[in-house]
Amino acid sequence: NEKGEIRQAMEQRLQVAATNGATVIILRMGDFIARDAASTWLPVLIKEGKSEISLASPGAETLRRTWAYVPDAAEVVARLLQRADELEGFNQFHFSGYRLRMRELADALEAAYGKKVHIKSFSWWVIRLVSPFSTLFRGLIEMRYLWNEELFLSDTKLRTFLHNDVPSTDIHTALLQCQFLEGTGRKGRESI
């Protein structure tokens, strides 16, 4: 899609910069888990009711999805930057974060917030209906296939370089710190 082509063009320019003496570090990760990230799915997928939480599943519930808790990923970036002088010109790393099926994510939400979580289907029809009028929604439709394919980001290279010193906050702690529910300070915005 268009965003993928832009990313490819950017990486090609970064490779050229690396051959001209720049040090380039690319860190790939899954969908963000963060309190205030502008481009994260979770605030859109999680809805709090009086007695339970609903979790919308945009794809196959049985497939694992990669999620990155942003404070952990930021710490990885800091550690890579601290050791940038040990790197070659062009470097790509993967941060594997959490690999969760929707039921596992629902279980983690239940444990974190103490409410039953009901999984339902995501309303793609709404996104498709609005997509002719929204660049964002057109992009979501183009990327929908990623919810039906399991992608694995191997962090072997990252772990080797950082001597296995890769931060990994417990998923329950990460979800609580993000305060996705109204009672814990969720801001209620709809970013996607």
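Below: a short report on this structure. Keep in mind that what you see is a predicted model, and the values were worked out from it rather than measured.

**Describing the sheet that holds strand β5 (residues 65-69)**
Working step 1: Overall, mixed pairing links the three strands, which are arranged β2-β5-β7 in an open sheet. Two strands in the sheet have a free side with no partner beyond their single neighbour: β2 (31-33) and β7 (98-100). Strand-to-strand twist of the sheet, defined as the mean angle between neighbouring strand axes without regard to direction, takes the value 40 degrees.
Working step 2: Of the strand pairs in this sheet, β5 and β7 are connected by three bridges, and their pairing is antiparallel. When the sheet's bridge partners are listed, Thr66 is paired in β7 with Arg99.
Working step 3: Against the sheet, helix α3 (residues 70-82) engages β2, β5 and β7, with an angle of about 70 degrees to β5.

**Here we look at α3**
Working step 1: Its 13 residues give α3 an end-to-end C-alpha distance of 18 Å, which sits within 8% of 18 Å, the value for a rise of 1.5 Å per residue.
Working step 2: Buried residues of α3: Asp72, Ala73, Val76, Arg79 and Leu80, and no others. Burial along α3 is one-sided: seen end-on, the buried residues are contained in an arc of 115 degrees. Exposed side chains of α3 directed beyond 90 degrees from the buried face belong to Leu81 and Gln82.
Working step 3: Against β1 (24-28), β5, β6 (90-94), β7 and α7 (156-161) lie the buried residues of α3.

**Quick notes on the nonpolar core**
Working step 1: Core analysis: the biggest nonpolar cluster contains 35 residues, and Ile33, Leu45, Leu55, Trp67, Leu105 and Leu175 have the highest contact counts within it.
Working step 2: The biggest single contributor to this core is helix α4 (residues 102-113), with seven residues.
Working step 3: Among residues more than four places away in sequence, those in contact with Leu45 are Ser54, Leu55, Ala56, Pro58, Trp67, Met102, Phe122 and Trp147.
Working step 4: The next biggest cluster of nonpolar side chains, apart from the first, holds twelve residues, and it includes Val76, Leu80, Phe161 and Val166.

**Some remarks on a nonpolar patch on the surface**
Working step 1: On the surface, a cluster of nonpolar side chains totalling about 570 Å² of accessible area is made up of Trp125, Val126, Leu129, Val130 and Phe133.
Working step 2: Inspection of the secondary structure puts Leu129 in helix α5 (residues 124-130).
Working step 3: Leu129 sits in the exposed class, given a relative accessible area of 56%.

**Topic: helix α6 (residues 135-142)**
Working step 1: Looking at α6, one finds that the buried residues are Phe137, Gly139, Leu140 and Ile141.
Working step 2: Its buried side turned inward, α6 meets α5.

**Some points on the side chain of Lys115**
Working step 1: The topology assignment puts Lys115 in the loop between α4 and β8 (116-121).
Working step 2: Here the side chain of Lys115 touches Glu48 through a polar contact of 2.9 Å, side chain to side chain.
Working step 3: Polar contacts involving the side chain of Lys115 include one to the main-chain carbonyl oxygen of Gly49, which spans 2.9 Å.
Working step 4: Discounting residues that sit within four places of it in the chain, Lys115 has contacts with Glu48, Gly49, Lys50, Ser51, Glu52, Ile53 and Glu110.

**Brief notes about the sheet that holds strand β3 (residues 46-48)**
Working step 1: Overall, mixed pairing links the three strands, which are arranged β3-β4-β8 in an open sheet. Only two strands of the sheet have a single partner each, and these edge strands are β3 and β8. Each adjacent strand pair in this sheet contributes to an overall mean axis angle of 25 degrees, direction not counted.
Working step 2: The pairing of β3 with strand β4 (residues 52-57) spans three bridges and is classified as antiparallel. For Lys47, the partnering residue across the bridge sits in β4 and is Ser54.
Working step 3: Relative to the sheet, α4 contacts β3, β4 and β8, its axis offset from that of β8 by approximately 150 degrees.

The rules behind the values
Residues numbered from 1 in each chain as written. Predicted model: local features only at pLDDT ≥ 70, side-chain atom pairs only at ≥ 80, totals over all residues. Heavy atoms only, no water. Pairing = 2+ DSSP bridges. Helix = DSSP H or I, 4+ residues; strand = E, 2+ residues; numbered from the N terminus. Axes fitted to C-alpha atoms, helices over the stretch in contact; angles between N-to-C directions. Contact = heavy atoms within 4.5 Å. Expected span 1.5 Å × (residues − 1). Buried < 20%, exposed > 50% of the residue type's maximum accessible area, 1.4 Å probe, protein only. Arc of directions from axis to C-beta. Core = buried A, V, L, I, M, F, W, Y, C linked by side-chain atoms within 4.5 Å. Patch = residues over 30% accessible without salt bridge, like charges linked within 9 Å, V, L, I, M, F, W, Y side chains within 5 Å. Areas by Shrake-Rupley, 256 points an atom, 1.4 Å probe, with all protein chains shown as cover. Salt bridge = Lys/Arg side-chain N within 4 Å of Asp/Glu carboxyl O. Polar contact = N/O pair within 3.5 Å; in protein donor to acceptor, adjacent residues only side chain to side chain.

Interpretation note: all reported values are geometric properties and have no functional meaning in isolation.
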